[in-house]
Amino acid sequence: MVNQDAAKILVMEKDGECSHLLAGRLGQLGYRTDIAGSCDEARAALERSEYAVVIACSEMPDWGGPKGMAGLRFSRRKPAMLVTCDQECRDEALKCLSKGAYDYLPRQCEKSRLEVTVERALTERALAQKTRRCKKAALGLVLSTPAWVGIGMVLAYLTV
């Protein structure tokens, strides 16, 4: 289970009513949320603060959908991306999944589905961060050992 107090979520939604409803549900679940109603607001928020999860509307111009996924994939902070979509926009959500989104949510989903999906995204992100740290530590260990030991470690790593 991921510490909800440390998890900050950015909600990017073109519809103000939907964004406040979603942020309210997330608040009830114990998450801290910020809302961005435009791409400029979202970019500023992402530069200003670290978010564990970004929930973006697949129809948000210039950001939601596959274009936004490409931008987040190369972000230094690597938040988990969830995409919201209406029933008729599922194809757009599937494109986002192929570009690296963790999952998608129907715009009108149950609170329990929202809770489970966000928790899974946070857990996946935490595991990915731990994996990156372990790889860096292994590389540091390899570089600090004699060459013959390092070669053996690299070979062992590659065969696993």
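To keep things clear, this report deals only with the structure shown in the data block. (Residues numbered from 1 in each chain as written. Predicted model: local features only at pLDDT ≥ 70, side-chain atom pairs only at ≥ 80, totals over all residues. Heavy atoms only, no water.)

As for the pattern of salt bridges
The condition is simple: The salt bridge definition used is simple: a Lys or Arg side-chain nitrogen within 4 Å of an Asp or Glu carboxyl oxygen. What counts as a helix is a DSSP run of H or I of at least four residues, what counts as a strand is a run of E of at least two, and both are numbered from the N terminus. Throughout this description, buried means an accessible area under 20% of the type-specific maximum (1.4 Å probe, protein chains only), exposed means over 50%, and partly exposed covers the range between.
Scanning all chains against the criterion turns up four salt bridges. Here D40 ties to R43 by a salt bridge, and the two come within 3.9 Å at their closest N and O atoms. Taken together, the positions of D40 and R43, both in helix α2 (residues 39–48) and three residues apart, correspond to about one turn of that helix. Residue classification places D40 among the exposed positions, given a relative accessible area of 59%. Close ionic contact of D103 with R120 constitutes a salt bridge, the shortest N to O distance being 2.8 Å. Within this pair, whereas D103 is found in strand β5 (residues 103–106), its partner R120 is found in helix α5 (residues 111–143), the two being separated by 17 residues in sequence.

Quick look at the sheet that holds strand β2 (residues 32–36)
Which entries qualify depends on this criterion: Only when DSSP finds a minimum of two bridges between them are two strands counted as paired. Note on geometry: axes are lines fitted to C-alpha atoms, helical ones only across the stretch in contact, with angles between N-to-C directions running from 0 to 180 degrees. It only takes one pair of heavy atoms within 4.5 Å for two residues to be counted as in contact.
One open sheet accounts for five strands, arranged β2-β1-β3-β4-β5; its pairing is parallel. At either margin of the open sheet sits one strand with a lone partner, and together these are β2 and β5. Along the sheet, successive strands turn relative to each other by an average axial angle of 25°, direction set aside. Note that strand β1 (residues 8–12) and β2 share five bridges and pair parallel. For L10, the partnering residue across the bridge sits in β2 and is D34. The strands touched by α2 are β1, β2 and β3 (53–57); relative to β1, the strand with the most contacts, the crossing angle is about 165°. Packed onto the sheet, helix α4 (residues 90–98) meets β4 (80–85) and β5 and runs at close to 160° relative to β5.

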